[in-house]
Amino acid sequence: MEERKVVSIEDRIPKLKQTRRKKANRRLILYLMILFLLIAVVIYLQSPLSNVGNIEVQGERHVTADEIKELANITTETNYWKVDTDSIKNNVESHKEIKSVDVNRNFPNTVQIQVEEAERIGYVQTNGEFSAILENGTKLEATSSLPGGDAPILAGFSKQTYLEEMSKELKELPQSVTNLISEIHWEPKEDNPYQIRLYMNDGFQVLASIRNFSNKMTIYPSIVAQLEEGAEGIIHIDVGAYFEEYASAGEEGDTEGEAQAESQDQVEEPISESEVNNGPEEILEPAPESDTNISPQENTELTPQPETSEDSESDMEDTPTSEQDNEQSESVEDTDGAVSPDDSSSEESEQ
């Protein structure tokens, strides 16, 4: 039989003791680490290091970050681990202009609040002040002396139902088309209570209906692109789509008014020399051959100014009549007989 190597127990005891000692030391180190970690956590929670160090607000436009922080009820003295994200979300969403809120905690001490504001689709003027209208038709109480440039002005919407429906249509309208609108006026009629008139920034007017407004208004840029440069008028997009130029009645009225003004000015202006000469010529037309003749005295009074072409014509017209008178007088003398020298001299003096 083979002989086995026998180790006495006295030789094995030191090794066993050393192994047990190492295990005990490891456990002690582990316990000490856990203890120090718990102490550090307690100190951290009780110190300002655990407070919120940074509050980030993103997505705000009209509502200020300070207002959002105040609604969230969170400050830099709030404990980071005690921040209730659900409570912050509900508090911030209570604001009329806030549509949705998302709250996140970013270690070690940052709280991020992401907000989405309700879109402002228009401004309503009341007593000289402008109030914003939200996409849901809510009118804000805050007013300003001037409207914002991010939405058109809504006028004439005396009924809330039509205002809310108009707000929904504007919400669905592309922003590129909304930016072209300056004012929207509600002009209801008996047969169409939804009629509206739009005043565009490019000078055109648009007649449309509140119903399906967002769908029909999208063709406005293509309609304008087809018009001639300098054209002015009204674009109808309610039933079909066509362009109507402004009526020329206003222009004709302006020209008539200008003509009347010019005629009044001409009446008030002093009469020129040519008008003086032309006036008598029109009044004293060459009379038909009769017993009535124009006396030389009247003819001289009607020509105080230098002779003109028109005066010369009148003289040429008057000359034959005088010759005819002479011929008639000569014929009378021949028939009656010889005239005495005294009578002939008296006739010459009368002439």
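Everything numeric in this text was worked out from a predicted model, so none of it was measured. (Residues numbered from 1 in each chain as written. Predicted model: local features only at pLDDT ≥ 70, side-chain atom pairs only at ≥ 80, totals over all residues. Heavy atoms only, no water.)

Q: Where do I start with a nonpolar patch on the surface in this structure?
A: A contiguous nonpolar surface patch, about 580 Å² in accessible area, is contributed by Leu28, Leu32, Leu35, Phe36, Ile39 and Ile43. Relative to the assigned elements, leucine 28 resides in helix 1 (residues 9-46). (Patch = residues over 30% accessible without salt bridge, like charges linked within 9 Å, V, L, I, M, F, W, Y side chains within 5 Å. Areas by Shrake-Rupley, 256 points an atom, 1.4 Å probe, with all protein chains shown as cover. Salt bridge = Lys/Arg side-chain N within 4 Å of Asp/Glu carboxyl O. Helix = DSSP H or I, 4+ residues; strand = E, 2+ residues; numbered from the N terminus.)

Q: Teacher, can you tell me more about unusual backbone geometry here?
A: Among all residues except glycine, the phi angle is most often negative; among peptide bonds, the trans geometry is most common. In this chain, phenylalanine 107 is followed by proline 108 through a cis amide linkage whose omega measures 15 degrees. Structurally, proline 108 can be placed in the loop between strand 2 (98-106) and strand 3 (110-117). One non-glycine residue, asparagine 73, adopts positive backbone phi at about 55 degrees. By the element assignment, asparagine 73 lies in the loop between helix 2 (65-72) and helix 3 (85-93). Judged by relative accessible area, asparagine 73 falls into the exposed class, the value being 66%. (Buried < 20%, exposed > 50% of the residue type's maximum accessible area, 1.4 Å probe, protein only.)

Q: I would appreciate a short explanation of a positive patch on the surface in the present structure.
A: A contiguous patch of positive charge, built from Arg20, Lys22, Lys23, Arg26 and Arg27, is present on the exposed surface. With respect to the helices, strands and loops of the structure, lysine 23 is situated in helix 1. (Lys, Arg positive; Asp, Glu negative; His and termini not counted. Charge placed at Lys NZ, Arg CZ, Asp CG, Glu CD.)

Q: Would you mind showing me how to read the pattern of salt bridges here?
A: A pair can form between side chains of opposite charge whenever their charged atoms are brought close. Inspection of the entire model under this criterion finds 5 salt bridges. Salt-bridge contacts for lysine 171 lead to glutamate 119; the nearest nitrogen and oxygen are separated by 3.1 Å. Remark: glutamate 119 occurs in the loop between strand 3 and strand 4 (120-126) and lysine 171 occurs in helix 4 (residues 160-172); sequence separation between them is 52 residues. By relative accessible area, which is 34% here, lysine 171 ends up partly exposed. One salt-bridge network, held together by shared partners, links Lys99, Glu119, Glu135 and Lys171.

Q: Can you walk me through the packing of aromatic side chains in this structure?
A: Aromatic rings in a pair are described by how distant their centres are and how their planes are angled relative to each other. Tallied over the full model, the rule gives 7 aromatic pairs. A centroid spacing of 5.1 Å and a plane angle of 85 degrees characterise the contact between tyrosine 80 and tryptophan 81, whose relative ring orientation is edge-to-face. Among the aromatic residues, ring-to-ring pairing joins Phe157, Tyr162, Trp186 and Tyr194 into one connected group. Over the face of the ring belonging to tyrosine 80 we find arginine 105, whose NZ or CZ atom lies 5.6 Å from the ring centre. (Phe/Tyr/Trp six-rings, centres within 6.5 Å; stacked < 30°, edge-to-face > 60°. Lys NZ or Arg CZ within 6 Å of the ring centre and 35° of its normal.)

Q: What should I look at first to understand empty space enclosed by the protein in this one?
A: By rolling a water-sized probe across the atoms, one finds the places where empty space is left. Throughout the structure, instances matching the rule amount to 1 cavity of 30 Å³ or more. In this structure, the largest cavity encloses a volume near 30 Å³. Around the largest cavity, the lining residues are Ala208, Ser209, Asn212, Phe213, Lys216, Met217, Ile237 and Asp238. Of all elements in the fold, only strand 10 (205-209) and helix 6 (213-216) reach the threshold of two or more residues within the lining of the largest cavity. Partitioned by chemical class, the residues of the lining of the largest cavity number 4 nonpolar, 2 polar and 2 charged. (1 Å grid on protein atoms, 1.4 Å probe; cavity = no way out; pocket = protein on both sides within 12 Å on 5 of 7 lines; lining within 4 Å. Points joined across faces, edges and corners; volume = space filled by probe spheres on them. Nonpolar A, V, L, I, M, F, W, Y, C, P; charged D, E, K, R; others polar.)

Q: How do you make sense of the sheet that holds strand 9 (residues 195-200) when you look at a structure like this?
A: As a general point, the strands of a sheet are linked pairwise by backbone hydrogen bonds and lie either parallel or antiparallel. Read across the sheet, 9 strands follow the order 6-5-4-7-8-9-10-11-12 without closing on themselves; strand pairing throughout is mixed. Every other strand in the sheet has two partners, leaving strand 6 (139-144) and strand 12 (242-245) as the edge strands with one partner each. Strand after strand, the sheet turns through a mean of 30 degrees between neighbouring axes, direction not considered. Both strand 8 (residues 181-186) and strand 9 contribute to a ladder of 5 bridges, which runs antiparallel. Its bridge partner lying in strand 9, tryptophan 186 is registered against isoleucine 196. (Pairing = 2+ DSSP bridges. Axes fitted to C-alpha atoms, helices over the stretch in contact; angles between N-to-C directions.)

Q: Got a minute to help me understand the packing of helix 2 against helix 3 in this structure?
A: Packed helices, taken two at a time, are described by the angle between their axes plus the distance between the axes. Between helix 2 and helix 3, the least distance of the axes is 8 Å, while the angle of their chain directions is 125 degrees. Classed by the angle they form, the pair helix 2 and helix 3 counts as oblique. Where helix 2 crosses over helix 3, the two elements pack in a sense that is right-handed. For the pair formed by helix 2 and helix 3, the contact residues are Ile68, Leu71 and Ala72 on the first element and Ile88, Asn91 and Val92 on the second. Of the residues that constitute the contact of helix 2 with helix 3, the class distribution is 5 nonpolar, 1 polar and no charged. (Parallel < 35°, antiparallel > 145°, perpendicular 65-115°, else oblique. Left-handed = near helix turned anticlockwise from the far one by under 90°. Contact = heavy atoms within 4.5 Å.)

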